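Coordinate inspection notes
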Amino acid sequence: MNARRIITGLSMILKMLVRRRIILISLVVIPVAFLTGVELTASEKIIPFRLASLDEKIFIEHSQKGIALVFFAVANTGFLVSFLALNLIQIDSDVNRRLVICGYHPFELLISNMLSLFLVIFSIAIYIGLLIHGFVSIKHLLLFIFGLMLIGFVYGCYGLIIGSMIKGKLEGILLVFLLANIDVGWLQNPMYYAEAHNNIIIRYLPAYYPSQSVIIAAFTDYSVFNAAFYSILIGSGFLIISMLIFYNKMRLKK
Amino acid sequence: MILKAENIAKAFGNNKVLKNVPFEMGPSSLYGIVGENGSGKSTLLKIIVGEWKSDHGTISVKGRLGYCPQRTLLFSRLTVEEHFRYFAAAYGIEKTALFSRTELLMHHFNFKKYRSERIDRLSGGTLQKISLAIALLHQPDLLILDEPYNGFDWDTYLRFWDYTNHLKTEGCAILIVTHLITEKERFDKVYNLSDGQLT
């Protein structure tokens with residue numbers, strides 16, 4: 001491993017990211033579109049709901065708008081980070097291959113990409129966390145932002161897997177948005193989840209633990225430790241899988 | 001020998017593109033490989049540089065390898081200078097050496113004025129020059145060029161041969177793959193890749 005290569009890779013990847021107009025536009029437009037949608041449609045009616053990772057007898061009461069805003073913070077972060085991760089690893093993969101032929105180790109490139117992704121996750125989580133806090137009072141803001149980082153970590157690593165595996169851009173976007181939409185954008189919604197007939201399936205989806213940790217931090221004083229621990233475990237699993245696929249794809253075949 | 005390839009075989013399904021191809025190159029040599037479209041020229045190069053695995057056979061390369069692929073593989077959102085910095089990190093070239101080599105290549109191939117331009121704002125011919133310059137940046141011992149002068153104007157074509165001859169006298173082995181060779185006398189040997197074999 002060569003630190004100069006990793007740092008050069010990181011700086012070039014970040015330059016390429018900020019020069020992509022679609023990335024900057026999505027960072028501004030998507031959260032604003034979600035927020036406007038909630039602001040225009042959700043009511044202030046107080047709704048009781050249960051959280052799957054807490055005791056069954058515990059009911060949380062909050063306004064429909066507040067719940068929707070927090071849920072959309074999770075969905076937004078998941079969507080944005082997985083899309084960016086897919087872009088990071090998939091676009092220019094042929095040029096990255098040339099870098100490997102010229103002397104880069106595939107892991108050096110992967111580490112540069114991962115560091116870029118972590119910076120992106122960090123920035124998006126803080127940005128969306130603070131943005132949501134402007135509309136709804138969050139009980140534990142730092143833990144809430146940490147929870148958003150966890151959903152970013154899990155879905156970012158999922159994006160890395162898809163980006164390493166799938167060559168076609170459209171196919172990649174479809175696979176990322178399909179799972180993100182079903183999981184983080186629908187099934188993990190506490191208002192849907194609380195009434196679901198079969199929530200076992202929902203518990204096995206990747207966004208389950210991170211979204212639980214975000215909602216616990218936003219509305220309760222309960223510990224997020226378990227949810228955070230399992231989120232990191234799932235994210236790390238995805239990360240290892242993506243590293244193996246990327247290495248196998250990029251290594252020199254000699 | 002700088003490059004020694006023994007019994008290289010590669011098939012895509014039932015299509016046997018390379019059939020036990022032997023190939024070797026020593027220092028200060030300039031070889032060409034010609035062949036029809038789809039004859040397996042690029043496949044052979046991709047196997048030599050390690051991009052693809054052969055079904056059979058061994059490859060041995062001694063020294064630094066420079067490779068200019070057929071497609072100009074460059075990052076569309078980086079500038080010319082940023083490319084040199086990125087690839088210099090890959091080659092392990094120090095900053096001071098990088099500056100002098102970059103200046104020399106930009107001057108020789110006449111694209112100095114584009115040094116701060118992003119790749120997606122440059123013409124195809126300029127991209128080809130930059131791609132070639134990247135392959136030359138670390139002063140390779142073995143230079144492999146896949147259709148290198150497609151898109152070059154006449155002046156750049158001549159400059160290309162100037163530089164190639166200079167490299168050859170310095171001991172570099174140069175392998176050029178193209179579908180069309182107009183000046184055979186420039187080469188030490190020209191092979192024809194046909195029906196999976198070099199003749």
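Overview of the structure. (Residues numbered from 1 in each chain as written. Chains lettered and ligands numbered in written order. Predicted model: local features only at pLDDT ≥ 70, side-chain atom pairs only at ≥ 80, totals over all residues.)

Points about helix H3 (residues 64–90) of chain A
Residues and elements named next belong to chain A. Between its first and last C-alpha, H3 extends 38 Å over 27 residues, near the 39 Å set by a 1.5 Å rise per residue. When you tally the buried positions in H3, you get 25 out of 27 residues, the bulk of the element. Downstream of H3 by one or two residues, Asp 92 has phi in the positive range, about 70 degrees. (Helix = DSSP H or I, 4+ residues; strand = E, 2+ residues; numbered from the N terminus. Expected span 1.5 Å × (residues − 1). Buried ≥ 20, exposed ≤ 12 C-beta atoms within 10 Å, placed from the backbone.)

Brief notes about the interface of chain B and chain A
Facing 21 residues of chain B, the contacting portion of chain A comprises 21 residues. Here the residues of the side of chain B that touches chain A are counted per class, giving 14 nonpolar, two polar and five charged. (Contact = placed C-beta atoms within 7 Å. Nonpolar A, V, L, I, M, F, W, Y, C, P; charged D, E, K, R; others polar.)

Remarks on the sheet that holds strand E4 (residues 56–61) of chain B
Residues and elements named next belong to chain B. Strand order in this open sheet of three strands is E2-E1-E4, and the pairing throughout is antiparallel. Each edge of the open sheet carries a strand with a single partner, namely strand E2 (15–25) and E4. Pairs of neighbouring strands in the sheet enclose a mean axial angle of 20 degrees, with direction left out of account. Both strand E1 (residues 3–12) and E2 contribute to a ladder of seven bridges, which runs antiparallel. The residue of E2 that forms the bridge with Lys 4 is Glu 24. Most of the contacts of helix H1 (residues 41–49) go to E1, to which it runs at about 125 degrees, and overall it touches E1, E2 and E4. (Pairing = 2+ DSSP bridges. Axes fitted to C-alpha atoms, helices over the stretch in contact; angles between N-to-C directions.)

Quick notes on the sheet that holds strand E9 (residues 197–198) of chain B
Residues and elements named next belong to chain B. Within the open sheet, the six strands sit side by side as E5-E6-E7-E3-E8-E9. Their pairing is mixed. Each edge of the open sheet carries a strand with a single partner, namely strand E5 (65–68) and E9. In terms of strand pairing, strand E3 (residues 30–34) meets strand E8 (residues 189–194) through four bridges, oriented parallel. Residue Val 34 lies in a different strand from E8, and its bridge partner there is Asn 192. Against the sheet, helix H4 (residues 124–136) makes contact with E5 and strand E6 (142–146), and its axis sits at roughly 170 degrees relative to E5, the strand it touches most. Relative to strand E7 (residues 173–177), helix H5 (residues 154–169) is tilted by about 145 degrees, and along the sheet it contacts E3, E6 and E7.

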